[in-house]
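Residue-level structural notes
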Amino acid sequence: MILPIVGLGCPILRKKAEPITPDYPDLQALIANMYETMYAADGVGLAAPQINLSIRVVVIGFRPYDEKTDSYGPVAEEHTLINPEILEFKGEKKFFNEGCLSVPDIHEDVLRPERIVLKYYDAEFKEHIEEIDGMFARVAQHEIDHLDGIVFTDHLSALRKAMIKKKINNVVAGKVRTAYRMRTATR
Ligand code: ZN
């Protein structure tokens, strides 16, 4: 089931989300809905607060995009992160152009460490501790921020924030058009 995506301005995106236990009701259905919602919106990551649930669950998925056919291939990599925790930041900090399904039409370069040591539970509640890098590390940091009430634009310089203030205000006011269904602070 495709769920509406919560837009910046909704208070849930500023709340610290709660950890869950293995008996969380209908967890597998929830995870399946999160993947479906993320792929339908052409996203690569989705955190539960973005579908209006203040719990520490994240899905990440990459599909190769074929420019010639303007379509996505089969899923190449998926990660379900339950109660994720970044144990250590490693490597150099790098800029990467980020966007967010909750902040449509805004793309900005964000500085983050290129590698992290990540602890999380998978969909079967098996514990993992892994050192990760590349897109997985980048998207994981962005999504774990969502669990702590942080949005990617919070990381920008005061100058960049001032420059995109009008666009941010439009998102908060619900004055954005998206190809996917959104729940904004005003509607
Ligand atoms: Zn996001």
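This section reports on the structure supplied with the text. (Residues numbered from 1 in each chain as written. Predicted model: local features only at pLDDT ≥ 70, side-chain atom pairs only at ≥ 80, totals over all residues. Heavy atoms only, no water.)

Examining the sheet that holds strand 3 (residues 57–62)
With respect to topology, five strands assemble into an open sheet ordered 2-3-6-7-8, the strand pairing being antiparallel. Looking at strand neighbours, the two that pair on one side only are strand 2 (45–47) and strand 8 (127–132), the edges of this open sheet. The mean angle between the axes of side-by-side strands here comes to 35°, regardless of whether they run parallel or antiparallel. Sheet contacts for helix 1 (residues 27–40): strand 2, strand 3 and strand 6 (77–98); angle to strand 3, the most-contacted strand, approximately 45°. Against the sheet, helix 2 (residues 134–147) makes contact with strand 2, strand 3, strand 6, strand 7 (108–121) and strand 8, and its axis sits at roughly 110° relative to strand 6, the strand it touches most. (Pairing = 2+ DSSP bridges. Helix = DSSP H or I, 4+ residues; strand = E, 2+ residues; numbered from the N terminus. Axes fitted to C-alpha atoms, helices over the stretch in contact; angles between N-to-C directions. Contact = heavy atoms within 4.5 Å.)

Things to note about the coordination of the zinc ion
The coordination sphere of the zinc ion contains the protein donors C100 (SG), H142 (NE2) and H146 (NE2), at a distance range of 2.1 to 2.2 Å. Positions of the donor residues of the zinc ion along the chain correspond to the pattern C-x41-H-x3-H. Placement of the pair is H142 and H146 together in helix 2, with a separation of four residues, close to one helical turn. A relative accessible area of 8% means that H142 is categorised as buried. Take H146: its relative accessible area is 1%, and that puts it in the buried class. (Donors = N, O, S within 2.8 Å, 3.2 Å for Na, K, Ca; no water. Buried < 20%, exposed > 50% of the residue type's maximum accessible area, 1.4 Å probe, protein only.)

Considering the pairing of strand 8
Where strand 7 meets strand 8, six bridges bridge the pair, whose relative direction is antiparallel. Residue pairing for strand 8: V117 is matched across the bridge by E131. Linking strand 7 back to strand 8 in an antiparallel pair, the connection comprises five residues, with F125 at a positive phi of about 65°.

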